[in-house]
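An overview of the molecular structure
What follows is each chain in one-letter form.
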Amino acid sequence: MNAYEVRVALKELMIEELNLAGKKPDDIDDDAPLFGEGLGLDSLDALQLAMVVEEKFGVKVPEGEPARRIFASVNALVGHIVVHRATPRSDDVRGAENG
Amino acid sequence: MPRIVVTGLGMVSPLGGDLSSSMKALFAGERGIGPLSLFSLNGARSSLAAEAKGLEQGDIAARTDALAVQAAREALAHAGLRTNEHAVHVVVGGSTAGMFETEELLTQLGSIDLTEALEVRLRTHPLSSTVDTVVDRLGPFASARTVCCACTGGAAAIALGLSWIRTGRAERVLAGGADALCRLTYSGFGCLGVLDRDACRPFDKTRAGLNLGEGAGFLVLEREDAARARKATILGEIAGVALGGEAHHITNPEPTGKTAARVMRRALAYAGLDPKEVAYVNAHGTATPHNDAAESAAIRACFGDARPKVSSSKGQIGHTLGAAGAIEAVICVESIRTRRVPPTIGTSEADPAFDVDHVFSTEEVAAPYYALSNSFGFGGTGGSVVVGPSISSRDEAHVAAPRSLVVTGVAAVARGRLYEGATALAGLVTNVARDAQQLSAPSSEDPTAWLDAGKTRRMDRAGKLSAAIVGAALRDADRDASPCDRTDVAAISGTAFGNVDGSMRFMKRVLDKGANLASPADFPNLVPSSPVSHAAIYWGLGGPALATPDLSATAEAAAATGMELVASGVSSAAVVGSVEEVSQLAERVLAPLLGVRTLAAHSEGASGIVIETESDARARNKAPLCRVRTWSSRRGVASLAELPAPSDGARVVSEAAVDAARLLEGTGWSSVERWTTSAEAGDHVGLGGIALAAGASLVATGAAKSVLVLGEAPDRAYAFLLEPAATT
């Protein structure tokens, strides 16, 4: 999966997992902050997102200060996933594409 | 008004199987936190827990229920009280009941055969299992109730027990809380990132979360004159209580602690005490970054310069969830009785931002004092209990007589339709035989569709139904919009089996994929009080959000609880009722096992009834639908003989399945005309709430001069007598 494919899969996952009913992938700005203003997401959403990223992409999001940086925007999160997704398992890829 | 005294205490904790061993270890600074041995869980965040010590489970099927029975038995024995000689009422707070025994089983239902042994386990799943086991093993009890509000359950049970005594409904109450460890809470708290991987450090600069614990605490509360009449030893008193809601977030506390401070102040006011008379605060002190910061701010705001000593017991017994409020109230009684303030253990450097007077090793105190115990839970419900010494000159003269109650709003959801107001609700009861009733076509509309989608994103179906029904009832009561004061309005809802399907899905994921992939978004919705908490957050209600499981009489239990809290002044008003989702697991598996009637075609249903005081309704020029003359909540169902005689034009209202003839045998009501909930009201275990709302509506529309609403479930019965409100 390249960054483009990860971004598409991630946005679809966010809409599904964070119950962003009525939102389309294009409504989620690639560079806007994920939490606080904008999408109106909070710390509980961050936990859910970290969990599904681990499940679907096989990439852990560390806790604390590093998480703040990784969750800064969709692009920052995509970057983290692409860098750490060194050895994708086949079931992860399938999960992400279905996401 | 006599004081409400404590005459018996019981405890099972991670420090010991009884009161004296637990308290000895607590004052000695021992820790009951160690490796988790009860179960193993792949991918768990932590490997530590505070497991109960000295539990003798015997033949009791559920661990939580066994914890409760052991502590309750000790408290009754300590008080020298026999339930067959005195009328004792019981109230239990909790959040898990038989979850530990059923959480794996639930995920296998449908693929395994149910043996008798598995059925025994499954029967412990409903949250009323704990109080039912206490009744079974230690009864008879005059009445029994379960209150669930996550980690505030134990405090809420004490508050309700105090309400019963203050309003003359009971002289003696066994009140407590019990919760056992289980995979569901362990993986749930883990996925929220609030479990410390090491032993917890309350109020520490580097605190990193809590350790889950388990246990039970019980107190025998008695009216002082009743206790003295039987020459009981008085251990202390419950001087005041308060319950409140933050209406902020489903898991996170309000960072400023302003509601926590309000709840503490209100408990002191209820006790008629000045902050400087309180020498010790047993903090909720979970050791999570958020709780300890918010609670410290609240303690400073409430006490100012009075600066009581503050400690948290969580570093020794862990967080015992629904038991915590009761166990920690027991600790306060023992602290005052022995004049020793127990320590906070595990902390090496207190967070300097907190600025409260910590106690890190047991301190002796020379003069008698009062103590305050705090509990805060998911959904924002908090509770404070004020405990005092056995001998006190505290003035109880400020306590008012029970307040006169009225119904000011009604709403229901039935067969996909939202009903609002007396005229609509009166149509949901009938005297026409079921097979002669005309049934409308099912509605294809969603009765929750009018809610603001942006505010319901987190809610499951029960949460949305709850927000809709509470909102519609408040609207009918003209309490939905500003500037109407909702500061102390409680939201109380029955739910027969809780979120069974959601718990099953959550656990299946944990067992299949590992606890590290448990869903943080789903876990809060598994808390029994989650639907009403969502409603309270949506509508900004500042009272507690409580769930009241009682098999198929849950709406009735909610109504009685709300009336009792408002009559005693703990809450200013309450929206009561129930929310029942469609759940094949609950209806096809759990309900038949528990003797709750099975339903042919299940439908979702909900009810909301606004209870407030007659004087509040008058003050805001709101004409009530009816007055609540009296209500009754009974165990053993001997009879409802204490009911006042019926007036002309009276009617009995209930759901069709209620055996009214049996309940009313020997009373003046046995020959009164009976109406039942119609087919249009749907078919669900919350029909009792619709019967109550419709009964109030019949009085409001003049169709009946007075209405006796009846509800029942195996071994329990409820009655509510509604009459026209006084005209002004």
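Residues numbered from 1 in each chain as written. Chains lettered and ligands numbered in written order. Predicted model: local features only at pLDDT ≥ 70, side-chain atom pairs only at ≥ 80, totals over all residues.

With respect to the overall build of chain B
Per the secondary structure count, chain B includes 21 helices and 27 strands. Taken along its principal axes, the extent of the C-alpha atoms in chain B is 75 × 60 × 50 Å. Counting across all 728 residues of chain B, residues that qualify as buried make up 64%. Excluding contacts between residues fewer than 6 apart, the proportion of contacts in chain B whose partners are at least 24 apart in sequence is 81%. (Helix = DSSP H or I, 4+ residues; strand = E, 2+ residues; numbered from the N terminus. Buried ≥ 20, exposed ≤ 12 C-beta atoms within 10 Å, placed from the backbone. Contact = placed C-beta atoms within 7 Å.)

Examining the overall build of chain A
If you tally the helices and strands in chain A, you get 5 helices and 0 strands. Counting only residues that meet the buried cut, chain A has 32% of its 99 residues in that class. For chain A, the proportion of contacts with a sequence separation of at least 24, taken over those separated by at least 6, is 66%.

Structural notes on the interface of chain A and chain B
Between chain A and chain B, the contact holds 11 residues from the first and 12 residues from the second. In terms of residue class, the side of chain A that touches chain B is made up of 4 nonpolar, 4 polar and 3 charged. (Nonpolar A, V, L, I, M, F, W, Y, C, P; charged D, E, K, R; others polar.)

Examining unusual backbone geometry
All names here are of chain B. The omega torsion of the bond from G139 to P140 falls at 10°, within 30 degrees of zero and hence cis. Here P140 is to be found in the loop between α5 (129-138) and β5 (144-147). A positive phi angle, close to 80°, is found at A287, a residue other than glycine. Along the polypeptide, A287 turns up in the loop between β9 (278-283) and α10 (289-303). Phi is positive for D355, close to 50°, though the residue is something other than glycine. Residue placement: D355 occurs in the loop between β11 (340-341) and β12 (357-358).

Some thoughts on the packing of helix α1 (residues 3-17) of chain A against helix α2 (residues 43-57) of chain A
All names here are of chain A. Closest axis-to-axis distance for the α1/α2 pair is 11 Å, and the angle between their directions is 130°. One element, α1, and the other, α2, form an angle in the oblique class. Of the two possible hands of crossing, α1 and α2 adopt the one that is right-handed. Within the contact between the two elements, α1 uses L13, M14 and E17 and α2 uses Q48, L49, V52 and K56. (Axes fitted to C-alpha atoms, helices over the stretch in contact; angles between N-to-C directions. Parallel < 35°, antiparallel > 145°, perpendicular 65-115°, else oblique. Left-handed = near helix turned anticlockwise from the far one by under 90°.)

Examining the nonpolar core
Within soluble globular proteins, side chains that are nonpolar generally end up buried alongside one another. Residue and element names in this part refer to chain B. Residues I158, L219, A267, V387, A473, I609 and A696 are the most contacted members of the largest nonpolar core, which totals 277 residues. Broken down by element, this core gets its largest block of residues, 10 residues, from helix α21 (residues 687-700). Domain assignment of the residues forming this core places at least three in each of domain 1 (4-388) and domain 2 (405-723). In this structure A696 touches V407, V410, I609, L625, C626 and L722, once residues within four positions along its chain are discounted. (Core = buried A, V, L, I, M, F, W, Y, C linked by C-beta atoms within 7 Å. Domains from an automatic or database assignment.)

Considerations on helix α4 (residues 74-84) of chain A
Every buried residue of α4(A) is listed here: V74(A), L77(A), V78(A), H80(A) and I81(A). For α4(A), the angular spread of the buried residues around the axis is 160°, confining them to a single face. (Arc of directions from axis to C-beta.)

A look at the sheet that holds β5(B)
Residues and elements named next belong to chain B. Within the open sheet, the 11 strands sit side by side as β5-β4-β6-β7-β1-β8-β15-β14-β9-β10-β12. Their pairing is mixed. In this open sheet, the two strands that pair with only one neighbour each are β5 and β12. Sitting on the sheet, α5 touches β4 (89-93), β5 and β6 (172-179), and the angle it makes with β4 is about 145°. (Pairing = 2+ DSSP bridges.)

Points about the packing of helix α17 (residues 554-567) of chain B against α21(B)
Residue and element names in this part refer to chain B. The contact between α17 and α21 brings their axes to 6 Å, and the two run at 50°. It follows from the interaxial angle that α17 and α21 lie oblique. In contact with A555, E556 and A559 of α17, α21 contributes G688, G689 and L692. Of the residues that constitute the contact of α17 with α21, the class distribution is 3 nonpolar, 2 polar and 1 charged.

Describing the pairing of strand β15 (residues 381-388) of chain B
Residue and element names in this part refer to chain B. Counting buried residues in β15 gives 8 out of 8 residues, a clear majority hidden from the surface. Neither face of β15 is open: one carries T381, G383, V385 and V387, the other G382, S384, V386 and G388, and all of them are buried. Pairing of strand β8 (residues 236-245) with β15, which is carried by 8 bridges, proceeds in the antiparallel orientation. Bridge pairing links V241 to V385 in β15. What sits between the antiparallel neighbours strand β14 (residues 370-376) and β15 is a turn of 4 residues, in which G379 has the positive phi angle 85°.

Considering the domain arrangement of chain B
Where the parts come together, the accessible area they lose is often given as the size of the interface. Residues and elements named next belong to chain B. The domains assigned to chain B are domain 1 (4-388) and domain 2 (405-723). Each partner contributes residues to the interface: domain 1 has 59 residues there, and domain 2 has 59 residues. Residues that form the side of domain 1 that touches domain 2 fall into these classes: 29 nonpolar, 21 polar and 9 charged.

A look at the pairing of β6(B)
All names here are of chain B. With 8 of its 8 residues buried, β6 lies for the most part within the structure. Because side chains alternate across β6, one face comprises the buried residues R172, L174, G176 and A178, and the other comprises V173, A175, G177 and D179, equally buried. Here 8 bridges tie β6 to strand β7 (residues 215-223), and the two strands are oriented antiparallel to one another. Bridge pairing in β7 places A175 opposite L219.

Quick notes on the confidence of the model for chain B
Summarising the model, chain B shows a mean pLDDT of 94, and 97% of its residues fall at 70 or more. If you check the scores for this complex, the pTM reads 0.96 and the ipTM reads 0.91. (pLDDT = per-residue confidence, 0-100.)

What about the environment of L405(B)?
Structurally, the position occupied by L405(B) is in strand β16 (residues 405-414). Each C-alpha atom of the pair L405(B) and A725(B) lies 9.4 Å from the other, and the pair is 320 residues apart in sequence.

Regarding the environment of G209(B)
Residue and element names in this part refer to chain B. Here G209 lies in the loop between α7 (183-191) and β7. Distance from G209 to G193, taken between C-alpha atoms, is 7.8 Å for residues 16 residues apart in sequence. Contacts of G209, omitting those with residues within four sequence positions, involve V194, L195, D196, C200, A287 and T288.

Focus on the environment of A657(B)
By the secondary structure assignment, A657(B) is in the loop between β24 (650-654) and α20 (660-663). On the basis of neighbour count, A657(B) is assigned to the partly exposed category, with 17 C-beta atoms found within 10 Å.

Some details on helix α2 (residues 63-79) of chain B
Residue and element names in this part refer to chain B. Here α2 is 17 residues long and its end C-alpha atoms lie 24 Å apart, about the 24 Å a rise of 1.5 Å per residue gives. Within α2, 15 of the 17 residues are buried, leaving the element largely enclosed by the surrounding structure. Two residues or fewer after α2 comes G80, characterised by a positive phi angle close to 65°. (Expected span 1.5 Å × (residues − 1).)

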